[in-house]
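# A closer look at the structure
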Amino acid sequence: MEVKMNETQEPNNEIMRDKKQDVSVNEHKNIEDFSLFDFSIEEIPLEYTWKGDKRKAENRRIIVRGDNGNFLGDVGRRYKLVPHKEMVKDFTKQLKRKEVDLSDVSITDRIFENGSKATRTIIWNNIRHNVGTKTKEDWVNMRLDVANSVNGDWSFQAFIGAFREMCLNTLVFGGEKWYHEKTKHMAGIDTFATAEKCVKTINLFEGHMEDLKKWRTTPVETKWVINFFKFTLAQRKRKSYLLEKEIGKEISQRKLDYLMHLYEKETKSLGTTLFAVYMAITHWSSHLKESFDKDVPQKDGSYKTITYQTYKEGSATHNVERDRRNLVSQSLESPIWLVLIKPNKSEEDIKLLINGGN
């Protein structure tokens, strides 16, 4: 459930709940408001009864909410618990320690699945940049997202990116210039250290806005775009269940068609530019429940328009959003993207774009 406010509306800190998606949302402006995450998490031994005999699973623990005892999951011996409140407090401490401007921020806190998963999004309303033209403004705002789970379903993750007001896309940056960290809940997890590294990247915001401006004037060819999608986001892995390893990759034609559909829509206002490609993939990562029409050839030579869904019914949207964001981040570090962003391309670069990196 997305709770929206207009520019003049003040957040009332009322926690809203969508039972269908099992998500509670709190929108506010107070960086030290941790109320949505203000419940304890307890680890207790995993016990069971077998033929009337009580036994204990030595290497497993049950995770429950401390306020109501509700079951959140079970974890193994090596799992290290990081409560949501502790995680968001670590980021708050670092933001204040580094004297980041917090005078005008919009914060959205969410908990999912009875509190087993949580996210915090901070948008800086006063740190923004126009990536548009002189005649058509296009503003993006700096944004921090952190995600956590207490049952092992999610790794701890942190993103520094941007928020585009025009279409509410989440812009996801990859490579060295922008920050994304993903850490499993094992002994080495340190959310405070991650927060410190994450906060350091905030001053790179201006640099990325310059990238977006360059991408607006970087031309691309359709074949290049198709290959970028084919060999990044539209790839799906095939595994051998006998060998228990990846044996090859194939292309999801439906996903490729949808990505090209999004790209072609963007070109109407952005032209055949790299920026149009970028906006297509960030649209895909942040607009989860959509559909599109495709003209499919029939045996008699005619065409039939078929509407395809871009999501699976019943899937948890917060998991899908996280997975798509990760894929976009990876695609922006791929060899084919690194060639696409070059202002001047060599013969070898063109070969890679035409062959798709193969």
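Higher on the page you've got the structure.
Here we summarise the structure given alongside this text. (Residues numbered from 1 in each chain as written. Predicted model: local features only at pLDDT ≥ 70, side-chain atom pairs only at ≥ 80, totals over all residues. Heavy atoms only, no water.)

Tallying secondary structure elements over the chain gives 9 helices and 15 strands in all. Every one of the 358 residues in the chain was classed for burial, and the buried ones make up 48%. Put simply, of all contacts in the chain between residues at least 6 apart along the chain, 59% involve residues at least 24 apart. A total of about 19400 Å² of accessible surface is found on the chain, and carbon and sulfur atoms cover 48% of it. (Helix = DSSP H or I, 4+ residues; strand = E, 2+ residues; numbered from the N terminus. Buried < 20%, exposed > 50% of the residue type's maximum accessible area, 1.4 Å probe, protein only. Contact = heavy atoms within 4.5 Å. Areas by Shrake-Rupley, 256 points an atom, 1.4 Å probe, with all protein chains shown as cover.)

What follows deals with the pattern of salt bridges. With the rule as written, the count across this model stands at 17 salt bridges. Lys85 is the salt-bridge partner of Asp38, the closest N and O atoms lying 2.9 Å from each other. Residue Asp38 is found in the loop between strand E2 (23-28) and strand E3 (41-50), and its partner Lys85 is found in helix H1 (residues 84-97); the two are separated by 47 residues along the sequence. Overall, the relative accessible area of 51% leaves Asp38 in the exposed class. (Salt bridge = Lys/Arg side-chain N within 4 Å of Asp/Glu carboxyl O.)

Our next topic: the side chain of Ser252. Tracing the chain through its elements places Ser252 in the loop between strand E13 (245-251) and helix H5 (253-270). Those residues in contact with Ser252, other than ones at most four positions away along the chain, are Ala234 and Arg236.

The subject of this paragraph is the sheet that holds strand E4 (residues 53-65). With antiparallel pairing, 3 strands are arranged side by side in an open sheet as E3-E4-E5. Each edge of the open sheet carries a strand with a single partner, namely E3 and strand E5 (71-76). Recorded for the sheet is a direction-independent mean angle of 45° between the axes of neighbouring strands. Both E4 and E5 contribute to a ladder of 5 bridges, which runs antiparallel. (Pairing = 2+ DSSP bridges. Axes fitted to C-alpha atoms, helices over the stretch in contact; angles between N-to-C directions.)

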